[in-house]
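Close look at the chain arrangement
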Amino acid sequence: MATERTFSILKPDATRRNLTGAINAKIEASGLRIVAQKRIHMTTAQAETFYGVHSERGFFRELVTFMTSGPVVVQVLEGENAVAQYREVMGATNPANAAPGTIRKEFAESIEANSAHGSDSTENAAIEIAYFFSGCEIVG
């Protein structure tokens, strides 16, 4: 097994309801370490660039609007197989299909307001981490 880093966003629905601590407790209980974290209010330009891969999809504008509707917490997580581990902790994108005990099953309001984003590969994790963090902000 390899130690990896992955990227996480605690979405506006989670920060609005003061769930940052509860979600981070689940992350840390899974064995992942939070090695960088900051609370930001994503700009429209940041959200459009970050989610640019979805720009041709019908939900893109709603996604950008949602992600800029309030503060988010961006994080770098580290641990053994961090990408897969965090995706397991988050649960399925649709909270109705998420396993009991996962972030999305316990905290999501809907498929869009599902409380958390996580990288889907180590390659995308590196890109996403670099988008929000400089190297000196990550403290392992």
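So, here's what we can say about the structure. (Residues numbered from 1 in each chain as written. Predicted model: local features only at pLDDT ≥ 70, side-chain atom pairs only at ≥ 80, totals over all residues. Heavy atoms only, no water.)

Empty space within the largest pocket amounts to approximately 750 Å³. The wall of the largest pocket is formed by 26 residues, among which Tyr 51, His 54, Phe 59, Leu 63 and His 117 lie closest to the centre. Of all the secondary-structure elements, those providing two or more residues to the lining of the largest pocket are α3 (44–50), α4 (60–67), α5 (82–90), β4 (116–118) and α7 (122–132). Ranked by residue count, the leading element in the lining of the largest pocket is α7, at four residues. Split by residue class, the lining of the largest pocket holds nine nonpolar, nine polar and eight charged. (1 Å grid on protein atoms, 1.4 Å probe; cavity = no way out; pocket = protein on both sides within 12 Å on 5 of 7 lines; lining within 4 Å. Points joined across faces, edges and corners; volume = space filled by probe spheres on them. Helix = DSSP H or I, 4+ residues; strand = E, 2+ residues; numbered from the N terminus. Nonpolar A, V, L, I, M, F, W, Y, C, P; charged D, E, K, R; others polar.)

Relative to the helices and strands, Ala 99 resides in the loop between α5 and α6 (103–107). On the basis of relative accessible area, Ala 99 is assigned to the partly exposed category, the value being 41%. Note: C-alpha distance between Ala 99 and Glu 88 (eleven residues apart in sequence) is 8.9 Å. (Buried < 20%, exposed > 50% of the residue type's maximum accessible area, 1.4 Å probe, protein only.)

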